[in-house]
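Observations on chain architecture
Given next are the chains, with one letter for each unit.
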Amino acid sequence: MGINAAIFWLLLLLYPFHEALLASALGCNWGTRSSHPLPGDIVVRLLKDNGFDKVKLFEADPKALRALGRSGIEVMVGIPNEFLAPLASSVAVAEQWVTQNVSAYISRYGVNITHVAVGNEPFLKTYKGMFQRTTFPALQNIQAALIKAGLGRQVKATVPLNADVYQTSNQLPSGGDFRPDIRDLMIAIIKFLQDNGGTLTINIYPFLSLYADPNFPIDYAFFSGSAAPVVDGSITYSNVFEANYDTLIWALEKNGFGSMPVIVGEIGWPTDGNTNANLDYARKFNQGLLNRIMKRQGTPKRPTPPDIYLFGLIDEDAKSIQPGNFERHWGIFYYDGTVKYPLVLENGQDLVPAKGIKYLSKQWCVLSPETSITDPRVAGSVNYACQYADCTSLGYGSSCNELDARSNISYALNQFYQVADQQKGACSFANLSVITNTDPSQGRCKFEIMIDVGKHEKSVNSGAEGSARIRWNAVVAMVVSAVLLSSASRAFL
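Residues numbered from 1 in each chain as written. Predicted model: local features only at pLDDT ≥ 70, side-chain atom pairs only at ≥ 80, totals over all residues. Heavy atoms only, no water.

**Section: the confidence of the model for the chain**
Detailed reading of the predicted coordinates is not advisable wherever pLDDT falls low. Here is the rule: The pLDDT value expresses, per residue, how confident the predictor is, ranging between 0 and 100. Contacts: residue pairs with any heavy atoms within 4.5 Å of one another.
Confidence in the prediction of the chain, expressed as mean pLDDT, is 90, and 88% of residues score 70 or more. Below pLDDT 50 for its whole length, residues 1–24 participates in ten contacts with residues either more than four positions away or in separate chains. Overall, residues 474–493 carries pLDDT values under 50, and its contacts beyond four positions in sequence, including any with other chains, amount to 39 contacts.

So this is what it looks like as structure tokens:
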């Protein structure tokens, strides 16, 4: 057999494998703002069991990074916005950050870090320019630090941006350009990224279009093709994702960056905390998105599909709810890694839940049958409980919104009790509540039992993740003590 024939057969054999790799490439965001986070090794197994080849972290979480070591999963490590100013001030600070959070994990633990995300949506309009002066210098210093560490080719710097950095002059994608107030800055950043072989990262949220505008055509948020189309010249758009993404592509082309690679850093649909944040809509949206990824489907303006990171993997009960109550419910899995709703993945595979989860005792804190809901101490107790625990599922249009008054109160008290690790005294509330072994869950509303973090952390806590858990335990202990020491005359009772 001649050499040409050998090469032909080799390519023929490799082609299906290469295509399979392309089709199965799937990314997600792993947020760690949880009061009781899943152990890192369990999360990594969850990722691999469900075919996730890429993961984005919002910060250099030590436990997550160590767990990702030698997993083969590509990792994008994030830098929070509050770090931008010190990183912008000195390349030495950037070198230290890269040494501690990139080089160390690559060399010691074999973490496959491919990107560093400098900031997180730093040019959001709601920030009112807070990070406009520090983002680009921080990016430049991080890039310089990566090069100095010998990682300039292996690890690429990027800046995850919200889709509000561009707009359209005619309500169509073809009118796309960058916001006037940051246009020069955006062009400078994109050129820098291009010169250094980097990529532009954009976050697109069709849910937020619906959340911000009650008149937004709901079918246009999904991929079903049933929405009234938007016609832009010879192109027809049947969903907002394609229209939004192509608005960016038009903006890039108009400014001389038509070939700039783009990553969709965040896209997804929440399941609670708002009327339109529910299981049915989330399943519809994310299944449509996954179908596009598996088909390697791009957009009319750019047929080559971008890398996409689904947002997110697991619910985060300690995340800020400033944007809305839905912020804690973006996961395709609940806080404990159980499946929220069915999704069909590559080769017809269904979502696989997390394995090996250990829980606290099967008991709940509820309002005592002897307590009247008109007791003047009840309202204050509920407010106090929700100050320290997640009660977003009680909001209008949420999964627990239809509970009666007694169950509503019980839900709040139980959330506090579980977040406090079921500690003695955490279900006191001046004798308003009792502990029950009967599950009070009703319909869509699930009364949670928390993960037993102590059982998962049998080894001695060490490093940043250990100290973080110790700090949380200290907060819980102080809160429980406050409850125990309170009297009926206390303001919150």
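Still more ground to cover, so stick around.
**Notes on helix 12 (residues 405–419)**
Selection rule: Under the DSSP-based scheme used, a helix requires at least four consecutive residues in state H or I and a strand at least two consecutive residues in state E, with every element numbered from the N terminus. The length a helix should cover is 1.5 Å for every residue beyond the first. Categorising residues by exposure relies on relative accessible area from a 1.4 Å probe, with only protein chains included: less than 20% of the type maximum marks a residue as buried, more than 50% marks it as exposed, and the intermediate range marks it as partly exposed.
Between its first and last C-alpha, helix 12 extends 22 Å over 15 residues, near the 21 Å set by a 1.5 Å rise per residue. The buried fraction of helix 12 is high, at twelve of 15 residues. Remark: D421 follows helix 12 within two positions and exhibits a positive phi of approximately 60 degrees.

**With respect to the state of the cysteines**
The line we're drawing: Cysteine sulfurs are considered disulfide-paired once they come within 2.5 Å of each other.
Enumeration according to the criterion identifies three disulfides in this entry. Linked covalently through their sulfurs, C386 and C391 form a disulfide whose S-S length is 2.1 Å. Around the S-S axis, the bridge from C386 to C391 shows a dihedral of about -90 degrees and counts as left-handed.

**A look at the side chain of T158**
As a reminder of what qualifies: Distance and chemistry together define a polar contact, namely a pair of N or O atoms within 3.5 Å, with one atom able to donate a hydrogen and the other to accept it when in protein, and with adjacent residues in sequence counting only for side-chain atoms on both sides.
Secondary-structure assignment places T158 in strand 5 (residues 156–158). Among the residues examined, T158 registers a relative accessible area of 0% and is labelled buried. Reaching out from T158, the side chain makes a polar contact with the backbone oxygen of T199 at a distance of 2.7 Å. In this structure the side chain of T158 is engaged in a polar contact, spanning 2.8 Å, whose partner is the side chain of T201. Ignoring anything within four residues of it in the chain, the contact list for T158 reads M76, V116, A117, V118, L139, L193, T199, L200 and T201.

**Points about empty space enclosed by the protein**
Just so we agree on the cut-off: Buriedness for pockets is judged along seven lines, at least five of which must meet protein on both sides within 12 Å for an open set on the 1 Å grid over protein atoms alone, while cavities are sets there where a 1.4 Å probe fits but cannot get out, and lining residues have an atom within 4 Å of a point. Grid points are joined across faces, edges and corners, and a volume is the space filled by probe spheres set on the points. When residues are grouped by polarity, Ala, Val, Leu, Ile, Met, Phe, Trp, Tyr, Cys and Pro land in nonpolar, Asp, Glu, Lys and Arg in charged, and all others, Gly among them, in polar.
Under the definition given, this model contains five cavities of 30 Å³ or more. Here the largest cavity is characterised by a volume of approximately 120 Å³. As for the largest cavity, its lining consists of 13 residues, of which I293, R296, P306, D307 and I308 are closest to the centre. For the lining of the largest cavity, the secondary structure elements donating two or more residues are helix 10 (279–295) and strand 13 (307–310). Class assignment for the residues of the lining of the largest cavity results in seven nonpolar, two polar and four charged.

**Section: the pairing of strand 12 (residues 262–267)**
Stated formally: Paired strands are those between which DSSP finds at least two bridges.
Most of strand 12 sits out of view: six of its six residues are buried. Sheet topology places strand 9 (residues 200–203) next to strand 12; four bridges connect them, and they run parallel. Each bridged residue has a counterpart across the sheet, and for L200 the counterpart in strand 12 is V262. Here strand 12 runs beside strand 13; their pairing, made up of three bridges, is parallel. Bridge pairing in strand 13 places I267 opposite L310.

**Structural notes on the environment of F223**
Turning to its location among the elements, F223 is positioned in the loop between helix 8 (206–212) and strand 10 (230–232). Note: C-alpha distance between F223 and Q287 (64 residues apart in sequence) is 9.0 Å. Ignoring anything within four residues of it in the chain, the contact list for F223 reads N239, F241, F285, G288, L289 and R292.

**Examining unusual backbone geometry**
With an omega dihedral of -5 degrees, the bond running from F311 to G312 counts as a cis peptide bond. For G312, the location among the structural elements is in the loop between strand 13 and strand 14 (364–367). Unusually for a residue other than glycine, E121 sits at a positive phi of about 50 degrees. Its location among the elements puts E121 in the loop between strand 4 (112–118) and helix 6 (135–148). Positioned with a positive phi, D421 is a non-glycine residue whose angle comes to about 60 degrees. Following the sequence through the fold, D421 ends up in the loop between helix 12 and strand 15 (433–436).

**Details of helix 7 (residues 183–195)**
Quick reminder: α-helices carry 3.6 residues per turn. Residues three or four places apart thus point the same way. The first and last C-alpha atoms of helix 7 sit 18 Å apart over 13 residues, in line with the 18 Å expected at 1.5 Å per residue. Looking at the buried positions of helix 7, the neighbouring elements they touch are helix 6, strand 5, strand 6 (160–162), strand 8 (176–178), strand 9 and helix 9 (240–254). Where helix 7 terminates, the next one or two residues include G197, which has phi positive at roughly 70 degrees.

**Some thoughts on the sheet that holds strand 2 (residues 54–57)**
Just so we agree on the cut-off: Only the stretch in contact is used when a helix axis is fitted, and all axes are lines through C-alpha atoms; the angle between N-to-C directions ranges over 0 to 180 degrees.
With parallel pairing, the nine strands of this open sheet are ordered in space as 5-4-3-2-1-13-12-9-6. If you trace the sheet from one side to the other, it starts and ends with strand 5 and strand 6, each paired once. If you compare each strand with its neighbour and ignore which way they point, the axes differ by 25 degrees on average. For strand 1 (residues 27–30) and strand 13, the ladder comprises two bridges, and the chain directions are parallel. Within strand 13, the position partnered with C28 by the bridge is L310. Contacting strand 3 (74–79) and strand 4, helix 5 (residues 91–109) runs over the sheet at an angle of about 160 degrees to strand 4.

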